[in-house]
Amino acid sequence: METVDKYLPHLLELRQRILRSFLVFIVVLIPLLIFSSELFSLLAQPILKTLPQGGMLIATEVITPFTAPMKLAIFTALIALIPYFLYQGWAFVKPGLYRNEKRTLLPIILLSTALFYTGMVFAHLFVCPLALSFFMAIAPKGVTVMTDMSHYLDFILVMYFAFGGAFQVPIITFLLIHFGITSVEALKKHRPYIIVAAFIIGMLLTPPDVISQILLAVPLLGLFEGGLLLAKWFAKDPKTQTSLTH
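Note that this is a predicted model, so its numbers are computed, not measured.

Considerations on the side chain of Thr 64
Alright, step 1. Inspection of the secondary structure puts Thr 64 in helix H4 (residues 64–80).
Alright, step 2. A residue is classified by how much of its surface remains accessible, and Thr 64, at 5% relative accessible area, is buried.
Alright, step 3. Residues in contact with Thr 64, not counting those within four places in the same chain, are Ala 59, Pro 69, Asp 148, Met 149 and Ser 150.

With respect to the layout of surface pockets
Alright, step 1. Computed from the structure, the largest pocket encloses a volume of approximately 280 Å³.
Alright, step 2. As for the largest pocket, its lining consists of 14 residues, of which Leu 43, Thr 76, Met 120, His 124 and Tyr 160 are closest to the centre.
Alright, step 3. Elements with a contribution of two residues or more to the lining of the largest pocket: helix H2 (36–43), H4, helix H6 (99–137) and helix H7 (149–166).
Alright, step 4. No other element matches H4, which puts five residues into the lining of the largest pocket.
Alright, step 5. Tallied by class, the residues present in the lining of the largest pocket amount to twelve nonpolar, two polar and no charged.

Looking at the packing of H4 against helix H5 (residues 82–93)
Alright, step 1. Where H4 contacts H5, the axes come no closer than 4 Å and their chain directions differ by 50°. It follows from the interaxial angle that H4 and H5 lie oblique. Of the residues in H5, those touching H4 at Leu 78, Ile 79 and Ala 80 are Ile 82, Pro 83 and Phe 85.
Alright, step 2. Its residues assigned to classes, the contact of H4 with H5 shows six nonpolar, no polar and no charged.

Here's the deal with H4
Alright, step 1. With 17 residues, H4 should reach 24 Å at 1.5 Å per residue; the first-to-last C-alpha distance of 24 Å fits that figure.
Alright, step 2. Here H4 has its buried residues at Thr 64, Ala 68, Pro 69, Leu 72, Ala 73, Ala 77 and Ile 79.

Focus: the packing of aromatic side chains
How two aromatic rings sit relative to each other is set out by the distance from centre to centre and by the angle between their planes.
Alright, step 1. The final tally for this structure, using the stated rule, is eight aromatic pairs.
Alright, step 2. Ring plane angle 75° and centroid distance 6.3 Å describe the contact between Phe 135 and Phe 155, whose orientation is recorded as edge-to-face. One end of the pair, Phe 135, is in helix H6; the other, Phe 155, is in helix H7, with 20 residues separating them in the sequence.
Alright, step 3. On the basis of relative accessible area, Phe 155 is assigned to the buried category, the value being 18%.

A look at the pattern of salt bridges
Alright, step 1. Under the counting rule described, the total for this entry stands at three salt bridges.
Alright, step 2. Measuring nitrogen to oxygen at the nearest pair gives 2.5 Å for the salt bridge that ties Lys 71 to Asp 154. Of this pair, Lys 71 sits in helix H4 while Asp 154 sits in helix H7, placing them 83 residues apart in sequence.
Alright, step 3. Here Arg 191 and Glu 225 are joined by a salt bridge, their closest N and O atoms 2.8 Å apart.

Conventions adopted
Residues numbered from 1 in each chain as written. Predicted model: local features only at pLDDT ≥ 70, side-chain atom pairs only at ≥ 80, totals over all residues. Heavy atoms only, no water. Helix = DSSP H or I, 4+ residues; strand = E, 2+ residues; numbered from the N terminus. Buried < 20%, exposed > 50% of the residue type's maximum accessible area, 1.4 Å probe, protein only. Contact = heavy atoms within 4.5 Å. 1 Å grid on protein atoms, 1.4 Å probe; cavity = no way out; pocket = protein on both sides within 12 Å on 5 of 7 lines; lining within 4 Å. Points joined across faces, edges and corners; volume = space filled by probe spheres on them. Nonpolar A, V, L, I, M, F, W, Y, C, P; charged D, E, K, R; others polar. Axes fitted to C-alpha atoms, helices over the stretch in contact; angles between N-to-C directions. Parallel < 35°, antiparallel > 145°, perpendicular 65-115°, else oblique. Expected span 1.5 Å × (residues − 1). Phe/Tyr/Trp six-rings, centres within 6.5 Å; stacked < 30°, edge-to-face > 60°. Salt bridge = Lys/Arg side-chain N within 4 Å of Asp/Glu carboxyl O.

Right, here's the structure in full:
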């Protein structure tokens with residue numbers, strides 16, 4: 001009974017923060033649902049520019065014109081509110097952290113969020129247009145490309161999350177070194193294997209075309225090197241090194 005009384009305030013606070021996050025999500029989602037068709041039309045511009053003249057997206061199911069824009073609205077709300085959700089999580093755990101843990105965790109959360117959004121923007125501006133152009137270009141003669149709108153949305157979301165997740169490599173690299181799982185020297189020694197792994201990840205996370213795979217593998221390697229530099233910088237800075245290890 002004492003244990004329940006001890007953790008009850010924390011559970012109530014957690015419930016309150018989850019409920020608050022849900023209500024904010026609903027508030028943001030409602031206008032996105034109202035303008036979901038316009039939102040989908042905006043997302044469809046990259047593929048419409050690559051389709052042959054007169055080409056268009058199609059719906060192969062009766063409910064697809066309703067479900068695809070709604071799905072896009074939901075994911076847009078979730079992605080847009082990532083900073084708010086992380087803030088609620090940070091505010092919940094913050095009272096139980098030591099000062100040095102606060103100074104370490106908050107920059108990691110902020111940098112991780114920024115890298116995720118950067119990865120999505122990179123996919124939207126560079127990878128998706130090139131991949132779509134490639135797919136259109138290799139279509140055999142006599143084949144009219146008319147992509148289902150639901151499949152197109154799935155493709156775009158996979159690319160966004162793949163690149164958003166891949167851009168977390170510096171954070172992962174830094175944490176692996178910080179917690180002593182590996183070291184800068186060990187990662188440098190195994191760099192050839194990491195290069196191969198980057199291309200394998202690019203193959204698994206992107207559509208089956210060489211362009212998309214290269215456009216994911218190359219940034220992965222650059223971000224990996226960035227993680228090594230970040231770990232070196234913290235190791236050389238006595239103040240940050242002290243705050244991270246105590």
